[in-house]
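Given next are the chains, with one letter for each unit.
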Amino acid sequence: MFSPSLAFKIFLLLACARSSKLVKAETSWRSQLKSGTSAPSKKNGVVASTDGQLWITTTDGYLHILNAENGKEIAVHEPFAGVEERCQSKAVLYEEDGKTKYGVYSLDDGRVFAVNPDGKERWLAYFKSLIPNQPTIGRSGKNVYVTLSSKSDDKSQISIVDDEKSLEYGIGEVGGPISYDGHKFGSAAMIQRQDSTSLVFGSYASGKSSFGSTFEYNTNDGEVTELADIGRNVVAPPVLNKNGDKLWLTTSNPENGNAEIFGWVEGSFSKSSFWYTDLGEYGKDVHYAPLLSNDETSLYVTSDRAVYRVDADTGAIIWKVDDLNICSQPILSPNNEYLFVIEETGGRISKISTQTGVISMEHNCSGSECQMISSADIAIGPDGKSIYFAFESGLVMAVEVTDAETMTPSQETSLTPSASPTLSPVLSLNDAR
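Novice: Can you break down the sheet that holds strand β22 (residues 291–292) residue by residue, with the values?
Specialist: Strand order in this open sheet of four strands is β22-β23-β24-β25, and the pairing throughout is antiparallel. Of all the strands in the sheet, the pair left with one neighbour each is β22 and β25 (317–321). Relative to strand β24 (residues 307–311), strand β23 (residues 298–302) is paired through five bridges, and the arrangement is antiparallel. Of the residues in β24, the one forming a bridge with serine 298 is aspartate 311.

Right, here's the structure in full:
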């Protein structure tokens, strides 16, 4: 296991900078979303399907489906007027044999829509509770799982929509719910264990209190089990390895606002078997789950100002890129060689080497519409050649991130930490609180 001093030396050796031969990424196409609708914002996003479509949700609950090759609109799903037409969900797609079968997304007022690839509504499920997170589709595509929060207190439910039964009348056939008092559930991640499929999610409290935990819901028997109580609000979905015996999550320290990472890597989620890393001053306001590398050795963690590569087994910080202005979830290339980050204002995309933390390519959007904020999550095509993103002006862009011309950067930025990272591999749970 790395010691803090050794981790800091490695951190300095890999201090990140922009490459001396920075590459300028080229725009493939621009497309403006249908007028009369709002634009994608925070918690919305662009989702790229395997079969060449882009599914884009907007704050007023519209779903736009575009052709990923040229940006032309295929269809728009329009929700009928509701109590509160506010959407804080991306589309979640279910695919079979490389083809999109359907997608789902939710509105805050309790509606969940299932939509076919041609934009036609598949079914609608309505709940009398808030839906603060996007739904999750089971591995077989039969069930859609929805986490619900009470409008008045810290209570949550998990409800199940049967896709096959819902098709008959177009109305969501709802099972459950499974109730849990004392916590509001965050976004869920799905894992496949040897004999079961589970949803794993964090929880949080309303107001300023912080007493979150992590839970596992077994879809076979409907049981909810508390995995690890860390005394933190956990809003982003936890991340698990393929075997489901390692767990990582990001949260914020309620006292100083610093971003923190917790990891359970010993096959147990007990209250004493985790490592902990404080990301420090540039780690405030962590909104997103860490990204796990394909070989499960590294985590890529994002705050509002910086991106970190962290050793998945020890919590040691390997490199850090700061002086960024991030407001959406970064993404990894399919081969995990690069990390792509978009900044909130101006749509600047940075292509970062996952090995060294060096920025080798940038894209700077030109035009007055590019001065708008880009806070919706970005997407990468299945072949890793294009990045897709949207501004709050409704402008959607595709950027080629493989072949591009070389440009000379206006300046070279040396990224050096102002203080040693705090590593506490043997921190007790009481210390973490």
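From this point on, the discussion continues.
Novice: Outline the packing of aromatic side chains, listing residues and values.
Specialist: Evaluation of the coordinates by the stated rule reveals nine aromatic pairs. Taking the centre distance of 5.3 Å and the plane angle of 50° together, the rings of phenylalanine 262 and tyrosine 276 count as tilted. A residue pair is termed long-range when its members are at least 10 positions apart, and phenylalanine 262 in strand β20 (residues 259–264) and tyrosine 276 in strand β21 (residues 275–280) qualify at 14 residues. Classification of phenylalanine 262 by relative accessible area gives buried; the value is 0%. Three or more aromatic residues link up through ring pairs in this structure, and these residues are Phe262, Trp264, Phe274 and Tyr276. Lying over the aromatic face of tyrosine 338, lysine 351 brings its terminal NZ or CZ to 4.2 Å of the ring centre.

Novice: I'd love a proper account of the pattern of salt bridges, names of residues and values included.
Specialist: Scanning the entire structure with this criterion turns up 11 salt bridges. Of the charged contacts, one joins arginine 86 and aspartate 108 as a salt bridge, the two residues approaching to 3.8 Å between their closest N and O atoms. Residue arginine 86 is found in the loop between β5 (73–77) and β6 (92–96), and its partner aspartate 108 is found in the loop between β7 (99–106) and β8 (111–115); the two are separated by 22 residues along the sequence. Judged by its relative accessible area of 42%, arginine 86 is partly exposed. The network of salt bridges with common partners includes Glu343, Arg348 and Glu362.

Novice: With reference to specific residues and values, describe the environment of threonine 345.
Specialist: Structurally, the position occupied by threonine 345 is in the loop between β27 (338–342) and β28 (349–353). Taking the relative accessible area as the measure of exposure, threonine 345 reaches 44% and is therefore partly exposed. For threonine 345 and phenylalanine 391, which are 46 residues apart along the polypeptide, the C-alpha to C-alpha distance reads 9.0 Å.

Novice: How would you explain the pairing of strand β19 (residues 247–252) if you had to name every residue and give the values?
Specialist: Across the six residues of β19, five count as buried, placing the element largely inside the fold. Where strand β18 (residues 239–240) meets β19, two bridges bridge the pair, whose relative direction is antiparallel. Following the sheet pairing, leucine 240 is matched in β19 by leucine 247. The sheet contact formed by β19 and β20 spans six bridges and is antiparallel. Bridge pairing links threonine 251 to glutamate 260 in β20. Where β19 folds back onto β20 in an antiparallel hairpin, the turn is made up of six residues, including glycine 257, whose phi is positive at roughly 80°.

Novice: Kindly report on the sheet that holds β8, identifying the contributing residues and their values.
Specialist: Here we have four strands laid out as an open sheet, ordered β6-β7-β8-β9, and antiparallel in their pairing. Only two strands of the sheet have a single neighbouring strand rather than two, namely β6 and β9 (121–126). Sheet twist, expressed as the average angle between the axes of neighbouring strands with direction ignored, equals 15°. Relative to β9, β8 runs antiparallel, the two being bridged by five bridges. Bridge pairing in β9 links phenylalanine 113 to leucine 124.

Novice: Explain unusual backbone geometry to me, using residue names and the numbers behind them.
Specialist: Residue aspartate 97 is not a glycine yet carries a positive backbone phi of 55°. By the secondary structure assignment, aspartate 97 is in the loop between β6 and β7. At aspartate 323, a position not held by glycine, the phi torsion is positive, near 60°. Mapped onto the fold, aspartate 323 is located in the loop between β25 and β26 (331–332).

What counts and what doesn't
Residues numbered from 1 in each chain as written. Predicted model: local features only at pLDDT ≥ 70, side-chain atom pairs only at ≥ 80, totals over all residues. Heavy atoms only, no water. Pairing = 2+ DSSP bridges. Helix = DSSP H or I, 4+ residues; strand = E, 2+ residues; numbered from the N terminus. Phe/Tyr/Trp six-rings, centres within 6.5 Å; stacked < 30°, edge-to-face > 60°. Buried < 20%, exposed > 50% of the residue type's maximum accessible area, 1.4 Å probe, protein only. Lys NZ or Arg CZ within 6 Å of the ring centre and 35° of its normal. Salt bridge = Lys/Arg side-chain N within 4 Å of Asp/Glu carboxyl O. Axes fitted to C-alpha atoms, helices over the stretch in contact; angles between N-to-C directions.

So, to be careful, I would describe these as geometric facts and stop short of saying anything about function.
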